[in-house]
Every structure is written in structure tokens, then in C-alpha cells.
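The primary structure of each chain is shown beneath.
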Amino acid sequence: MQRFDLAYRPRGRVSNGSVGAHGGVDVGGIGVFRDHARFIQFPDARRIDIRATMRDPTGETHVRRFEQRNAIDVYALVDLSASMGFHGAARRLDIVADLCAALAFSATRIGDRFGVIACDESVRNDLLLPATRARGAAVAAAERLRDAAPRGASAKALTEAAGLIAGRRKLVLLISDFHWPRDFATRLFSLLAQHDLAPILVADSTEERDLPHFGLVELDDLESGARRLVFMRPSLRRRWLAREAERRDALRRLALAHGRPPFVMSDSFDADALSRHLLGL
């Protein structure tokens, strides 16, 4: 397995009581300098700043305050409905496993905990990993996704997964092809609104590139198992691609309403591009 390093930065400050690598909401006597405060507010004689005190024309005593660095739990919520079994330019689950393995390695390396919840119509207990700092267990759980069997007509259990991670704010990567009814997507995003939510759209270029302009096309619905023969023509192809563009635009608007825009992974996992996205660059 190739090892990828993935960088990320939570949106906003973290508060969970565990020392880590991210900016926290709490202040104290150690950490990165944050600001000055009046001694009467923070009576810690060890942190008195002589220069700031001497500059105050009122003679007020000032102390230095420092930003406490905290850890955050990082979760991958993975859609394992049947459509995620699509194999075009690449296997979708290979891309998902590469992403999750990189995230597991990178999170545990800086003191964060990493967890995985994979869902189809139920939570996949065989792939479930509560958040842990044990790097070996985290990476192994991510790798198990590579050999998972996508199944079911929906990923409705993702709403149950949202309940499993309720509580303190977490960084949540929601990984799917997002072939979902709009009402379901809206409900799930609302359930995850308390977290720093990063939607990851797993796409495949062959879905558009290999769509012919003219001719018979046999279509398989992976989730229902139905098969249909369609006579493709330029006007139908344009409408097909327009609906896909509308679906992605709807996802983008929904995601932006809850924080981060979606990140599209097409055909392969690009650690550098995803790092820039998660860093807000």
C-alpha cells in the first residue's frame, strides 16, 4: 500500500479537552501567544508582560494569554450502497480506501482520533471503527473498505451514523457518489450540521466521456438491479449531461449552506488536491 500524507485544518476553533495540533477555544499559560488581558481578569503572576504593562497609560497590569492546542475526532462516513460498486476508469472503493488510509495515517500521526462508519441500508458493523488514536487499527479499518461489497438500494443508514457521532464537534468526511434523493441529502446534511462537514464526491470520467452521441446503450441500475436499453441521440445526451450538472450544482449549494463546498475525486485519489481543499487554500 502506498502511503499518502494528507493535511487538513478544522473550520473554526476546537474544544474537546485533549491536547492536539489545532487551534482551540480555550486560553491558558502555554501554547501559541494569543493576546493580552488585564491581570484582574486572569490573575496569573507568572504571565505578567512587563512591556505591555509599562505601555498602558492607566497603569493596568497585563498578562499574556496563550491559545491551547486541541485534538479533534476525524470520521469518514462512507456510502456503501450498490452504486458505489461502479467500476469505470477506476474502482470507486479503491479510491475510497486510499483516501481513508491516508486520513487514518495523517490524523493519528498528529494526535487526532480517526473513525469509520460505512452504511448501506444499515450500518455495516463489519467495517465499523469508533474513533481511535491507534494508527494500526485505523489504517487497517480503512483498508478493509477496499474489499467491501457495496449493496442495497440506498445509504439511508447514514442518518443513523449521524446519531452515532453526535456530541462534540468533529471533522466529518462524507464520502459518496451522492446519487441520492434531494430530501434525503437535505435531511442528512442537517443532521450533520453541528460538525465540520466535508462532502467528498467520488466520480468517474467514463460516466460522461464514454456516453455516445448516437446509438444503443445498455444501462444497468446497480441499486435496483434493473437493466434498460436506451437509444442515445445528441439531444438526449445533452439532457443527460445537463441533469448531471444540475445534480452537482444542487449538491454544491447544499454543502455551502452547511460550510465546505464538495470536493470531487474523479478516477483517482489526489492527496495534494484534497489537502489544499481541506486547508481552505
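Positions within a chain are numbered from 1, following the residues in the order the chain's sequence is written. Side-chain atom pairs in this predicted model are given and counted only at pLDDT of 80 or more, local residue features only at pLDDT of at least 70, and totals for whole chains, interfaces and linings cover all residues. Heavy atoms from the whole structure form the basis of all side-chain values; hydrogens and water molecules are not counted.

K.L.:
Just checking my understanding: could you explain the nonpolar core for this structure?
P.N.:
The nonpolar side chains of soluble globular proteins are, as a tendency, buried together. In this structure, Cys100, Phe114 and Ile175 are the most contacted members of the largest nonpolar core, which totals 46 residues. Helix and strand assignments follow DSSP, with helices taken as H or I runs no shorter than four residues and strands as E runs no shorter than two, numbered in order from the N terminus. Secondary-structure elements contributing two or more residues to this core are strand 4 (73-79), helix 2 (92-109), strand 5 (113-119), helix 3 (135-144), strand 7 (171-176), strand 8 (196-203), strand 11 (263-266) and helix 8 (271-278). Per element, the largest residue contribution to this core is 12 residues, and it comes from helix 2. The contact criterion used is simple: two residues touch if any of their non-hydrogen atoms lie within 4.5 Å. In this structure Phe114 touches Val74, Ala76, Cys100, Leu103, Ala104, Ala107, Leu129, Pro130, Ala131, Thr132 and Ala138, once residues within four positions along its chain are discounted. In this description, a nonpolar core means a group of buried Ala, Val, Leu, Ile, Met, Phe, Trp, Tyr and Cys residues linked to one another through side-chain atoms lying within 4.5 Å. Exposed residues in this analysis have more than 50% of their type's maximum accessible area, buried residues have under 20%, and partly exposed residues fall in between, with area computed by a 1.4 Å probe over protein chains only.

K.L.:
Looking at this model, I keep getting lost on the side chain of Arg146. Mind explaining?
P.N.:
You can see Arg146 is positioned in the loop between helix 3 and helix 4 (158-164). Apart from the residues within four sequence positions on either side, Arg146 is in contact with Arg91, Leu93, Asp94, Ala97 and Asp98.

K.L.:
What is the right way to look at the environment of Ile50 in this model?
P.N.:
Locating Ile50 in the fold gives a position in helix 1 (residues 50-55). Residues Ile50 and Thr61 lie 11 residues apart in sequence; the distance between their C-alpha atoms is 8.1 Å.

K.L.:
So what exactly am I meant to see when it comes to the packing of aromatic side chains here?
P.N.:
Two measures describe an aromatic ring pair: the distance that separates the ring centres and the angle between the ring planes. Centres within 6.5 Å make a pair out of two Phe, Tyr or Trp rings, where for Trp the six-membered ring is used; the pair is then stacked when the planes are under 30 degrees apart, edge-to-face when over 60, and tilted otherwise. Counted according to the given criterion, the structure contains 2 aromatic pairs. With a centroid separation of 5.1 Å and an interplanar angle of 85°, the aromatic rings of Trp180 and Phe184 are classed as edge-to-face.

K.L.:
Help me out: how do you make sense of the pattern of salt bridges in this one?
P.N.:
Throughout this description, the term salt bridge denotes a Lys or Arg side-chain nitrogen within 4 Å of a carboxyl oxygen of Asp or Glu. For the structure shown, the criterion picks out 16 salt bridges. Among the ionic pairs, Asp73 bridges to Arg113, the shortest N-O distance being 2.7 Å. Residue Asp73 is found in strand 4, and its partner Arg113 is found in strand 5; the two are separated by 40 residues along the sequence. Between Asp94 and Arg91 there is a salt bridge; the shortest N-O distance is 2.8 Å. Overall, the relative accessible area of 24% leaves Asp94 in the partly exposed class. For Arg91, a relative accessible area of 30% gives the class partly exposed.

K.L.:
I'm lost on helix 8 in this one. Help?
P.N.:
An α-helical turn contains 3.6 residues, so any two residues separated by three or four positions project in the same direction. The buried fraction of helix 8 amounts to 6 of the 8 residues, a majority that puts the element mostly inside the structure. Among the residues making up helix 8, those that are buried are Ala271, Ala273, Leu274, Ser275, His277 and Leu278. Where helix 8 is buried, its residues contact helix 2, strand 8 and strand 11. Within 3.5 Å is the distance limit for a polar contact, defined as a pair of N or O atoms, with the added protein rule that one can donate a hydrogen and the other accept it, and that residues adjacent in sequence qualify only through two side-chain atoms. Its side-chain oxygen placed 3.2 Å from the backbone nitrogen of Asp272, Asp270 serves as the N-cap of helix 8. A positive backbone phi angle near 75° is found at Gly280, which sits one or two residues after helix 8.

K.L.:
Could you clarify how one ought to interpret the sheet that holds strand 5 in this entry?
P.N.:
Pairing between the strands of a sheet is mediated by backbone hydrogen bonds and can be parallel or antiparallel. Here a strand pair is declared whenever DSSP counts at least two bridges between the two strands. The strand order across the open sheet built from 6 strands is 6-5-4-7-8-11, with neighbouring strands paired in mixed fashion. The open sheet has two free edges, formed respectively by strand 6 (129-132) and strand 11, since each of these has just one partner strand. Strand-to-strand twist across the sheet, computed as the mean angle between neighbouring axes with direction ignored, equals 20°. Working convention: axes come from line fits to C-alpha atoms, limited for helices to the stretch in contact. Angles between N-to-C directions cover 0 to 180 degrees.

K.L.:
Got a minute to help me understand the layout of surface pockets in this structure?
P.N.:
To find leftover empty space, one rolls a probe the size of a water molecule over the atoms. In this analysis a 1.4 Å probe is tested at points of a 1 Å grid over the protein atoms alone, and where it fits but cannot get out there is a cavity; an open set with protein on both sides within 12 Å along at least five of seven lines is a pocket; lining residues have an atom within 4 Å of a point. Grid points are joined across faces, edges and corners, and a volume is the space filled by probe spheres set on the points. What the second largest pocket holds in volume is close to 220 Å³. In terms of lining residues, the second largest pocket is bounded by Phe178, Trp180, Pro181, Arg182, Ala185, Thr186, Arg247, Ala250, Leu251, Arg253 and Leu254. Elements represented by at least two residues in the lining of the second largest pocket include exactly helix 5 (182-191) and helix 7 (234-257).

K.L.:
Can you help me understand unusual backbone geometry in this one?
P.N.:
If a residue is not glycine, its phi is most likely negative; likewise, a peptide bond is most likely trans. Unusually for a residue other than glycine, Phe178 sits at a positive phi of about 55°. Relative to the helices and strands, Phe178 resides in the loop between strand 7 and helix 5. You can call Phe178 buried: its relative accessible area is 5%.

Any link to function would need more than the numbers given here.
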